[in-house]
Amino acid sequence: MIVEQTPILIVVIPLMCALICPLIGWLKRDLCYPWTVLSLLASAVCSFVVLGSVIQNGPVHYHLGSWMPPWGIEYVIDHLNGMMLVLISGSSLLVAIYSKESIEQELPDKFVYFYTIFILQVTGFLGIVITGDVFNLYVFLEIASLAGYALIAIGEDGAPLASFRYLVLGTIGACFYLLGVGYIYMVTGSLNMADLSGILPKLYGSRVVLVAFAFFMVGIALKMALFPLHVWLPDAYTKAPSVASSLLAPLMTKIAIYVMIRIMFTVFRPYLSFGLLPMSQIMLFAGIVAIFAGAIMALAQTDFKRMLCYIIVAEVGYMVGGIGLANAVAIKGAILHILNDVIMTLGLFCVAGIISYKMKSHNLADFKGIFRKMPLTMAAFLTVALSIIGVPPTCGFFSKWLLIQGSVVAGNWIFIVALLFSSLINIILFFRIIEIGYYNIDESGGGHGQAATTVIEEAPVSMLVPTITVAVIILLVGIYNQSILINIVQFAVPKL
Amino acid sequence: MLELMIAKYNYWIYIILMMIGFYAMIAKNNLIKKVIGMNIFQTAIILFYISIAFKKDGATLPILTAADVHAAHDAINTAQYINPLPHVLMLTAIVVMVATLGVALAIAIMIYRKYHTLEEDEILKVLK
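Residues numbered from 1 in each chain as written. Chains lettered and ligands numbered in written order. Predicted model: local features only at pLDDT ≥ 70, side-chain atom pairs only at ≥ 80, totals over all residues.

**Some thoughts on the overall build of chain B**
Item 1. Along its length, chain B carries six helices and zero strands.
Item 2. Across chain B, helices and strands are ordered from the amino to the carboxyl terminus as α-α-α-α-α-α.
Item 3. Over its C-alpha trace chain B gives a radius of gyration of 21 Å, far above what one expects of a compact globule, namely 14 Å for 128 residues.
Item 4. Projected onto the principal axes, the alpha-carbon positions of chain B cover approximately 70 × 40 × 15 Å.
Item 5. Looking at chain B as a whole, 23% of its 128 residues are labelled buried.
Item 6. Partitioning the contacts of chain B with sequence separation of at least 6, the portion at a separation of at least 24 is 54%. (Helix = DSSP H or I, 4+ residues; strand = E, 2+ residues; numbered from the N terminus. Rg over C-alpha atoms; globule rule 2.2 N^0.38 Å. Buried ≥ 20, exposed ≤ 12 C-beta atoms within 10 Å, placed from the backbone. Contact = placed C-beta atoms within 7 Å.)

**Quick notes on the overall build of chain A**
Item 1. Across its full length, chain A carries 20 helices and two strands.
Item 2. Taken over C-alpha atoms, the radius of gyration comes to 22 Å for chain A, in line with the 23 Å a tight globule of 496 residues would show.
Item 3. In chain A, which comprises 496 residues, the share counted as buried stands at 60%.
Item 4. For chain A, the share of sequence-separated contacts (at least 6 apart) that also reach a separation of at least 24 residues comes to 80%.

**A short note on the interface of chain A and chain B**
Item 1. In this assembly, 22 residues from chain A lie in contact with 25 residues from chain B.
Item 2. Among the secondary structure elements, those contributing two or more residues to the side of chain A that touches chain B are helix H5 (134-153) and helix H6 (159-188) of chain A.
Item 3. With 14 residues, the top contributor of residues to the side of chain A that touches chain B is H6(A).
Item 4. Split by residue class, the side of chain A that touches chain B holds 17 nonpolar, four polar and one charged. (Nonpolar A, V, L, I, M, F, W, Y, C, P; charged D, E, K, R; others polar.)

**Points about unusual backbone geometry**
Residue and element names in this part refer to chain A.
Item 1. A cis geometry characterises the amide bond from Pro 69 onward to Pro 70, with omega recorded as 5°.
Item 2. Of note, Pro 70 is situated in the loop between strand S1 (60-63) and strand S2 (74-77).
Item 3. With an omega of 10°, the peptide bond between Pro 392 and Pro 393 qualifies as cis.
Item 4. Within the secondary structure, Pro 393 is located in the loop between helix H16 (375-389) and helix H17 (395-410).
Item 5. Not every positive phi belongs to a glycine, and Ala 326 is a case in point at roughly 60°.
Item 6. The backbone phi angle of Lys 360 is positive, close to 60°, even though this residue is not glycine.

**Thoughts on helix H5 (residues 85-115) of chain B**
All names here are of chain B.
Item 1. Taking 1.5 Å as the rise per residue, H5 with 31 residues should run 45 Å; its terminal C-alpha atoms sit 45 Å apart, in good agreement.
Item 2. The complete set of buried residues in H5 reads Pro 86, Leu 89, Met 90, Ala 93, Val 96, Met 97, Thr 100, Val 103, Ala 104, Ile 107, Ala 108 and Ile 111.
Item 3. Just downstream of H5 lies His 116, where phi reads positive at about 55°. (Expected span 1.5 Å × (residues − 1).)

**Quick notes on the confidence of the model for chain B**
Item 1. Here chain B shows a mean pLDDT of 86. Residues at 70 or above account for 92%.
Item 2. Complex prediction metrics read pTM 0.93 and ipTM 0.92. (pLDDT = per-residue confidence, 0-100.)

**Topic: the environment of A:Ile77**
All names here are of chain A.
Item 1. Assignment of secondary structure puts Ile 77 in strand S2.
Item 2. On a C-alpha basis, the gap between Ile 77 and Val 60 in space is 5.1 Å, while along the polypeptide they are 17 residues apart.
Item 3. Setting aside its immediate chain neighbours within four residues, Ile 77 contacts Pro 7, Val 50, Val 54, Pro 59, Val 60, Gly 82, Leu 85 and Ile 130.

**Considerations on the packing of helix H10 (residues 242-267) of chain A against helix H13 (residues 304-324) of chain A**
All names here are of chain A.
Item 1. Direction vectors running N to C along H10 and H13 enclose 15°, while the axes themselves pass 11 Å from each other. If you check the angle between H10 and H13, you find them roughly parallel. The element H10 and its partner H13 pack so that their crossing is right-handed. In this structure, H10 uses Ser 245, Ala 249, Thr 253, Ile 257 and Ile 261 to contact H13, whose residues at the interface are Lys 305, Ile 312, Val 316, Met 319 and Ile 323. (Axes fitted to C-alpha atoms, helices over the stretch in contact; angles between N-to-C directions. Parallel < 35°, antiparallel > 145°, perpendicular 65-115°, else oblique. Left-handed = near helix turned anticlockwise from the far one by under 90°.)

**Description of the pairing of S2(A)**
Residues and elements named next belong to chain A.
Item 1. Residues Glu 74 and Val 76 line one face of S2 and the alternating positions Tyr 75 and Ile 77 line the opposite face, and both faces are buried.
Item 2. Here four bridges tie S1 to S2, and the two strands are oriented antiparallel to one another. Note on S2: the bridge partner recorded for His 61 is Val 76. (Pairing = 2+ DSSP bridges.)

**Some points on helix H18 (residues 413-439) of chain A**
All names here are of chain A.
Item 1. Between the first and last C-alpha of H18 there are 38 Å, a value that for 27 residues agrees with the 39 Å anticipated at 1.5 Å per step.
Item 2. Taken together, the buried positions of H18 are Phe 415, Ala 418, Leu 419, Ser 422, Ile 425, Asn 426, Leu 429, Phe 430 and Gly 437.
Item 3. On its buried face, H18 is in contact with helix H12 (279-299), H13, helix H15 (370-373), H16 and H17.

**Some remarks on the packing of H5(A) against H5(B)**
Item 1. The geometry of H5(A) relative to H5(B) is characterised by a closest axis approach of 11 Å and an angle of 10° between their N-to-C directions. Accordingly, the angle class assigned to the pair H5(A) and H5(B) is roughly parallel. Contacts from A:Phe135, A:Val139, A:Glu142, A:Leu146, A:Tyr149, A:Ala150 and A:Ala153 in H5(A) reach B:Leu89, B:Thr92, B:Val96, B:Ala99, B:Thr100, B:Val103, B:Ile107 and B:Met110 in H5(B).

**Quick notes on the nonpolar core**
Item 1. Formed by 221 residues in total, the largest nonpolar core has its most connected members in A:Leu85, A:Val129, A:Ile152, A:Ile220, A:Leu226, A:Val313 and A:Val384.
Item 2. Apart from the residues within four sequence positions on either side, A:Leu226 is in contact with A:Ala221, A:Ala286, A:Ala290, A:Val316 and A:Val320. (Core = buried A, V, L, I, M, F, W, Y, C linked by C-beta atoms within 7 Å.)

**Thoughts on the environment of A:Ile389**
Residues and elements named next belong to chain A.
Item 1. Among the secondary structure elements, Ile 389 is positioned in helix H16.
Item 2. Note: C-alpha distance between Ile 389 and Lys 400 (11 residues apart in sequence) is 9.5 Å.
Item 3. Setting aside its immediate chain neighbours within four residues, Ile 389 contacts Ser 423, Asn 426, Ile 427 and Phe 430.

What follows is the structure, encoded as structure tokens:
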């Protein structure tokens, strides 16, 4: 009985828990934290169960209220969004465990409401991924975005303005998506993704369908911060509270890429994007420009979190370009890179959160002697950094390798140059931090002679454990990448 | 062309409204004006959806009286009724839009309390 209902429980448990959270906080403030962890744990368990059933028995369909599609809303979980569900619920569980000390320090008087919005945010993410209905996707997209605006706005100085700008641009993105849904509904009279993919191919000549496709793509590109539309991202994620940026930064952009894959390959057929329209060239161009621009702008930053934000901009370029290569190997690489990038960005922002918890700053100039002070945190940081650079056996290597293979298959050499260029820039970025943190000892500490006596001041255990877990997961995903590819990713690649 | 414009005037109004809202969101300096632009933009989308539902030749609201049911027995002529689904979708979208408006105004209040102005360039001057 319960097993049949697991798909809906993934979304309903956090939704209900978010509504109950303020009541619990009203009874006893400190109970909110275990409540959040518990609800996300339940949701994570459900998503693991669903992914297991997808791997064994193929896609799961769940009809809300037993209304049959295309009339009712349908939840469809296949290999792609099964993977995404596990990723989202797993990483948000880690962030929830990690969050307590940081929130106590940064926002002690907003403890209860922070957790309420935190759970709502995760609900929105899970809903976007699980649904098989284009309008339902819009509603969840707005739930996730609105919670995100609120989470960002309570950050440090300048955060409200950053959040406001994100709100304006995010609303444009969501409204474009809604317009796309409207145009599609106009010609098909359906909102169900599977139903649409059956009806639409006959209408590919129609200008209305093309307009809808264009609206979808621009709207989603705004949400995923694809290069010229990335302007909201660096400010928003730099100034957000550290817990909020470790939740939002890894997930929001990657979920938008998931939505793009869904729209391009499930709602529309690959034949439209790559056969009738020059989407391949457009996406490759946008991806390559994003990689170069993101990498170069990351180099110019003096703030750690801001630098990470530009790395995200470059990583979005990897995935968009990889899908634009339009062959199975590259798309496999892009989907694997979604998985890897969520984990890697999560690790980086967790480290950034620990550093700003300890040093009260995320400026690179304040990182002197940090390796001696926090050896475990920085060990985790090194693992993540090596993965972003793409050193085997960390997971970042394998997706990059697939992307490079894919561009060889497609004969696109510029994309390979862009990938390698970005890797080189990443080496410079992270070795600069190692140079500051490892070799520059704080002068007030007495110079090199007394460096050995620097007291070890590690982060609290509740922050350290999730961060190290992420580092371990990076290694595990790297080592077991073949089984992930065989069991999950290869089924997620559309038939081209 | 002119006939087309007159026959589909609601769509033209939707495009014009949307462009006004879009311009205000991008170009205005005052944050409240941006919020107003955002609202105009979203209202244009409501108009668009409601226009989709329209059918020619005097289709009306899908409310069935007892007489209709008796007259039609089991087959109901859908051409007589406008499509109710876009209206329902817009009810949801209106809720979303109100929520967005609420969050936007809350953030604007937060900004005003902190910087005592709502002009974007003045806030940026304080921030730098």
